[in-house]
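Breakdown of the fold
Chain by chain, the residues run as shown.
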Amino acid sequence: MVPPKGKDTRMSFVVPPLETPSLAVAGSEDRFPVRRIFCVGRNYAAHAREMGNDDREPPFFFTKPADAVIAGGETAPYPPQTEDLHYEAELVVAIGTGGRDIPEAQALEHVWGYALGNDLTRRDLQAVAKKMGRPWDLAKGFDSSAVLGPVHPVAEVGHPARGSIRSSVNGEVRQDGDLSEMIWSVPEVIAFLSQSVALRPGDLVMTGTPAGVGKLEPGDDCTVEIEGLGRMVTPIGPRS
Ligand code: MN
């Protein structure tokens, strides 16, 4: 339709649109725009077992909304409707080049960088959802549930496939795993996921957590660290 002469043709939204969520880029003033956040369930054998599952299931995915992102160092409000907020330390893959049906051998070419992640989880709501066969969305995708550190470009850190991944609460180590313990490697995860959806630049993949998940309380400081990617501390705020 041709707009009437003199009419302002700029898009006007009836409510404020989402501003593009973004992550810091390590060592730069630039930002990494966040498009979607895919998360792999049960990707470390010992964690799969601690959650009562077989460790040879194919990978499965859930998502968090892009605007659930908060940066490492920011306070995560203790979310409503839970008595069992859990931390999950994760390696996060930042996709730079999209694609469908990406072959495993080419998968790493699609990665722009890597970041630290903490997949905050309302474990009690997740347990109910599992039992009732309901979706995990509100157990996993609540406000401020995706704690993410700066993106480290592949040019700087390469493709971390081994090395320590740890979390601690108030200085006490809770998870102490190694990236090499992932059941499905980063290239395998990208290959699987791109068979299901077309990956796009800005997509993030949280690659699962090692054993040792547990509870956070208001006032706790939760630290996530991965060898080569530094560490981030998340203070847990009061119940909101
Ligand atoms: Mn997770």
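**Some thoughts on the sheet that holds strand E7 (residues 85–87)**
Through backbone hydrogen bonds, the strands of a sheet pair up, either in parallel or in antiparallel fashion. Strand order in this open sheet of three strands is E10-E7-E16, and the pairing throughout is antiparallel. This sheet does not close on itself; its edge strands, each paired only once, are strand E10 (121–122) and strand E16 (214–215). As judged from the two bridges shared by E7 and E16, these two strands associate in the antiparallel manner. When the sheet's bridge partners are listed, His86 is paired in E16 with Lys215.

**Here's the deal with the sheet that holds strand E17 (residues 221–226)**
In spatial order, the strands read E6-E18-E17-E13-E14; together these five strands make up an open sheet with mixed pairing. Among the strands making up the open sheet, the edge pair consists of strand E6 (76–78) and strand E14 (172–178). On average, each strand axis in the sheet is inclined to that of its neighbour by 20°, with strand direction left out of account. Note that E6 and strand E18 (residues 230–239) share two bridges and pair parallel. Residue pairing across strands places Ala76 opposite Ile236, the latter belonging to E18.

**Brief notes about helix H2 (residues 123–132)**
Of all the positions in H2, only Arg123, Gln126 and Ala129 are classed as buried. Around the axis of H2, the buried residues are gathered within 115° of arc, so they sit on the same side. Phi for Gly133, located one or two positions after H2, is positive at around 65°.

Rules behind the numbers
- Residues numbered from 1 in each chain as written.
- Predicted model: local features only at pLDDT ≥ 70, side-chain atom pairs only at ≥ 80, totals over all residues.
- Heavy atoms only, no water.
- Pairing = 2+ DSSP bridges.
- Helix = DSSP H or I, 4+ residues; strand = E, 2+ residues; numbered from the N terminus.
- Axes fitted to C-alpha atoms, helices over the stretch in contact; angles between N-to-C directions.
- Buried < 20%, exposed > 50% of the residue type's maximum accessible area, 1.4 Å probe, protein only.
- Arc of directions from axis to C-beta.

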